[in-house]
Amino acid sequence: MGRSKYKFISNNPHFITCTVVNWLPVFSQPRFAQVILDSLNFLIKNQRLSLHAFVIMENHLHLIASSQKNLSREIAAFKSFTARSIIDNLKASKGEYLLKQLKFHKKAYKTDQDYQLWQEGSHPKLIVSKNMFVQTLKYIHDNPVKRGYIDEPVHWRYSSCRNYMGVEGILDVDVLEI
């Protein structure tokens, strides 16, 4: 599969999905979910990204995000940094099984690297209406419920659902009015 045909269209909010190669359950390990959280927090604190919603699952994450700068570039930098951090952590902790998987599933033309964490692309979808935002937000927050991990979206630690319920969440989310 080639490069994505999807494009970031403006500084408006986009629905973004980032998926681990071969759907490997990398984020089932809290230390790797924390890499994602820390990286998103860095982008938020440095005003490089406005995070409106998110969920981190074991093998992918969904975001609704915008940027006053270049959202495409910020997501690319996020994916590059998190991949490097997780791979370095795996090397240091002798995470041989995952490293072998990340090497095996690396695209052949990626000759400048030994491993690939993320599938290519993030399939951005421009949020064009309030109705679309509400539907996308529900989809994001219901993801762990549909997987059977929890009964209520607010119970998932790695989600912005708490922010939208008026409770402090794990990240500082720019809550949009519904």
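Computed from a prediction, not measured in an experiment: that's the story for all the values here. (Residues numbered from 1 in each chain as written. Predicted model: local features only at pLDDT ≥ 70, side-chain atom pairs only at ≥ 80, totals over all residues. Heavy atoms only, no water.)

Draft legend 1. Quick look at the pattern of salt bridges. The final tally for this structure, using the stated rule, is five salt bridges. Between Asp88 and Arg84 there is a salt bridge, and its shortest N-O distance comes to 2.8 Å. Of this pair, Asp88 and Arg84 both sit in helix H2 (residues 71–92), four residues apart, which is roughly one turn of the helix. On the basis of relative accessibility, which here comes to 36%, the residue Asp88 falls in the partly exposed class. (Salt bridge = Lys/Arg side-chain N within 4 Å of Asp/Glu carboxyl O. Helix = DSSP H or I, 4+ residues; strand = E, 2+ residues; numbered from the N terminus. Buried < 20%, exposed > 50% of the residue type's maximum accessible area, 1.4 Å probe, protein only.)

Draft legend 2. Spotlight on unusual backbone geometry. Even without being a glycine, Lys94 presents a positive backbone phi close to 60°. By secondary structure assignment, the location of Lys94 is in the loop between H2 and helix H3 (96–104). On the accessibility criterion, Lys94 (65% relative accessible area) is exposed. The backbone of His123 shows a phi angle near 45°, a positive value even though the residue is not glycine.

Draft legend 3. How the structure looks around the packing of helix H1 (residues 30–45) against H2. Their axes nearest at 10 Å, the elements H1 and H2 cross at an angle of 145°. Taken as a pair, H1 and H2 cross one another with a handedness that is right-handed. Taking contact as the criterion, the partners of Arg31, Phe32, Val35, Ile36, Ser39, Leu40 and Leu43 in H1 are, on H2, Glu74, Phe78, Phe81, Thr82, Ser85, Ile86, Asn89 and Leu90. For the contact of H1 with H2, the residue count by class is nine nonpolar, four polar and two charged. (Axes fitted to C-alpha atoms, helices over the stretch in contact; angles between N-to-C directions. Left-handed = near helix turned anticlockwise from the far one by under 90°. Contact = heavy atoms within 4.5 Å. Nonpolar A, V, L, I, M, F, W, Y, C, P; charged D, E, K, R; others polar.)

Draft legend 4. Summary view of the packing of aromatic side chains. Taken as a whole, this structure holds five aromatic pairs when the rule is applied. Geometrically, the ring pair formed by Phe133 and Tyr164 is tilted, given 6.4 Å between the ring centres and 50° between the ring planes. Of the two residues, Phe133 is situated in helix H4 (residues 130–146) and Tyr164 in helix H5 (residues 161–164); the sequence distance between them amounts to 31 residues. The exposure class of Phe133 is buried, given its relative accessible area of 4%. (Phe/Tyr/Trp six-rings, centres within 6.5 Å; stacked < 30°, edge-to-face > 60°.)

Draft legend 5. A look at the side chain of Asp142. Tracing the chain through its elements places Asp142 in helix H4. A polar contact of 2.7 Å, which involves the side chain of Asp142, links it to the side chain of Lys138. (Polar contact = N/O pair within 3.5 Å; in protein donor to acceptor, adjacent residues only side chain to side chain.)

Draft legend 6. Examining the environment of Tyr115 more closely. In this structure, Tyr115 sits in the loop between H3 and strand E4 (125–126). Since its relative accessible area comes to 15%, Tyr115 is described here as buried. Excluding residues within four positions of it along the chain, Tyr115 makes contact with Ile87, Lys91, Leu99, Leu102, Lys103 and Lys106.

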